[in-house]
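Secondary and tertiary structure notes
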Amino acid sequence: MASAGGALFDAMAALRDGQDPGIPDIDLGMLEGRPTQVAIDLLVNALVPLNGDADRIRVALNDALSEALEGQADFDFNNITDDIIADMMIAYLAECIYEQVVLDSNDAFAKATDPAQYDRAEKAMRGLIRAAADKHMAPLLTGNVRTLNGRMVRGAQLRAIKDIWAEWEAYEK
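Quick look at the structure, then. Small disclaimer: the values here were computed from a predicted structure and weren't measured. (Residues numbered from 1 in each chain as written. Predicted model: local features only at pLDDT ≥ 70, side-chain atom pairs only at ≥ 80, totals over all residues. Heavy atoms only, no water.)

Counted according to the given criterion, the structure contains eight salt bridges. For R146, the salt bridge goes to D17, with nearest N and O atoms at 3.2 Å. Of this pair, R146 sits in the loop between α6 (115-141) and α7 (150-171) while D17 sits in the loop between α1 (2-16) and α2 (28-31); the two residues are 129 residues apart in sequence, bridging distant segments of the chain. On the accessibility criterion, D17 (38% relative accessible area) is partly exposed. A salt bridge links R146 to D82, with the nearest nitrogen and oxygen atoms 3.1 Å apart. Taken together, the residues R146 in the loop between α6 and α7 and D82 in helix α5 (residues 82-104) connect sequence positions 64 residues apart. By relative accessible area, D82 is classed as partly exposed at 25%. Where salt bridges share partners, they join R16, D17, D82 and R146 into one cluster. (Salt bridge = Lys/Arg side-chain N within 4 Å of Asp/Glu carboxyl O. Helix = DSSP H or I, 4+ residues; strand = E, 2+ residues; numbered from the N terminus. Buried < 20%, exposed > 50% of the residue type's maximum accessible area, 1.4 Å probe, protein only.)

Compared with an ideal rise of 1.5 Å per residue, which puts 15 residues at 21 Å, α1 spans 21 Å between its outermost C-alpha atoms and is within 8% of the ideal. Counting buried positions along α1 yields 12 of 15 residues, so the element is predominantly enclosed. All of the buried residues in α1 are A2, A4, G5, G6, L8, F9, A11, M12, A13, A14, L15 and R16. Following α1 by one or two positions, G18 has its phi on the positive side, about 70°. (Expected span 1.5 Å × (residues − 1).)

All right, on to unusual backbone geometry then. Although it is not a glycine, D25 sits at a positive phi angle of roughly 70°. Here D25 shows up in the loop between α1 and α2.

Right, let's get into the packing of aromatic side chains. As enumerated under the stated definition, the model contains one aromatic pair in all. Seen from their ring centres, F75 and F77 are 5.7 Å apart, and the 90° between their planes marks the pair as edge-to-face. Comparing F75 with F77, the two get one shared label, buried. For R126, the ring lying beneath its charged end belongs to Y98, and the centroid distance is 3.8 Å. (Phe/Tyr/Trp six-rings, centres within 6.5 Å; stacked < 30°, edge-to-face > 60°. Lys NZ or Arg CZ within 6 Å of the ring centre and 35° of its normal.)

Here it is as structure tokens:
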């Protein structure tokens, strides 16, 4: 999942700079001016690797891009800012971790006694994970987006995931 996050970072940084994103079957002309959701779908389909995590990566990529580009009817390279890229990467990491927590929790969410309790638990978990992702990724990204590349972001995501898991494990002691 971290590799797909690095590829997402590289693609969005290239698009921000008006460069070809270097993704097979995607060129600038396919994206610019298209409805944003169409551009998101094209990017997600091109970035999802063919592996066992494909479905989870697809969800995380779609959610991160949708959140970062919210309110933009048509895809426009000029609207991609460093802040949008930073927010997108934090959202991507948070969604990846959330998906892993849900996978690891087996049927824990199924123990909710009613849909409202399930919704509260899901929102609380998402909020906690988002705060942790922000805590561990924002310092790296804030003011530094243009000095990073996908490989560096991949490594930062892996470190953040490790740090977040260690933090959570410490709460159990």
